[in-house]
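Here are the chains, one letter per residue:
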Amino acid sequence: MLPDSYRWADSDTGAVLFQRYGAVAKVTVDGRVTLIGGKRIEGPAASLAQGKRFVERWIAANGAPLRAREREMRDRLRNRAGT
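Residues numbered from 1 in each chain as written. Predicted model: local features only at pLDDT ≥ 70, side-chain atom pairs only at ≥ 80, totals over all residues. Heavy atoms only, no water.

A. Examining the pattern of salt bridges more closely. Scanning all chains against the criterion turns up 2 salt bridges. Of the charged contacts, one joins Asp10 and Lys52 as a salt bridge, the two residues approaching to 3.1 Å between their closest N and O atoms. Of this pair, Asp10 sits in strand β1 (residues 6-10) while Lys52 sits in helix α1 (residues 48-62); the two residues are 42 residues apart in sequence, bridging distant segments of the chain. For Glu42, the salt bridge is made with Arg32, and the minimal N-O distance between the two is 3.3 Å. With Glu42 in strand β5 (residues 41-43) and Arg32 in the loop between β3 (22-28) and β4 (33-35), the pair connects residues that are 10 residues apart, well separated along the chain. (Salt bridge = Lys/Arg side-chain N within 4 Å of Asp/Glu carboxyl O. Helix = DSSP H or I, 4+ residues; strand = E, 2+ residues; numbered from the N terminus.)

B. Summary view of the side chain of Thr34. Along the chain, Thr34 turns up in strand β4. The exposure class of Thr34 is buried, given its relative accessible area of 5%. Here Thr34 is in contact with Val24, Ala25, Lys26, Arg40, Ile41 and Glu42, once residues within four sequence places are set aside. (Buried < 20%, exposed > 50% of the residue type's maximum accessible area, 1.4 Å probe, protein only. Contact = heavy atoms within 4.5 Å.)

C. Layout of the environment of Glu56. Here Glu56 lies in helix α1. By relative accessible area, Glu56 is classed as partly exposed at 27%. Each C-alpha atom of the pair Glu56 and Tyr6 lies 9.7 Å from the other, and the pair is 50 residues apart in sequence. Excluding its chain neighbours within four sequence positions, the residues that come into contact with Glu56 are Leu2 and Trp8. Engagement of the side chain of Glu56 in a polar contact is seen with the side chain of Trp8, the distance being 2.7 Å. (Polar contact = N/O pair within 3.5 Å; in protein donor to acceptor, adjacent residues only side chain to side chain.)

D. Inspection of the sheet that holds strand β2 (residues 14-19) at higher detail. Taken in spatial order, the 5 strands make up an open sheet running β1-β2-β3-β4-β5, and their pairing is antiparallel. Whereas interior strands pair on both sides, the edge strands pair on one side only; in this sheet they are β1 and β5. Neighbour-to-neighbour, the strand axes of this sheet turn through a mean angle of 15°, independent of strand direction. By the bridge criterion, 6 bridges tie β2 to β3 in an arrangement that is antiparallel. Paired with Phe18 across the strands is Ala23, a residue of β3. Its contacts with the sheet place α1 against β1, β2, β3, β4 and β5, and it is angled at close to 145° to β3. (Pairing = 2+ DSSP bridges. Axes fitted to C-alpha atoms, helices over the stretch in contact; angles between N-to-C directions.)

E. Region of interest: the pairing of β2. Looking at chain direction, β1 and β2 are connected through 5 bridges and run antiparallel. Following the sheet pairing, Ala9 is matched in β2 by Val16. What sits between β1 and β2 in their antiparallel hairpin is a turn of 3 residues. Hairpin connection from β2 to β3: 2 residues lie between these consecutive antiparallel strands, with Arg20 at a positive phi of about 55°.

Below, the structure is given as structure tokens:
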């Protein structure tokens, strides 16, 4: 189960998972899953419901995917700590 900061927005074409105000993942009606972040992760699922379950399990296990700006900041801080 995801924390309260996540919510699904369903439509005719699929569903989008939002964390607060930013999109985290998208699942289409045919089951195409896309995790949105600094690095896009895509994959197939058998249905919309299975795709949503996959996204929820992936985020529960790995945390929310970082957005491009968050990834840049993390890399910059790691480089600063390494020198």
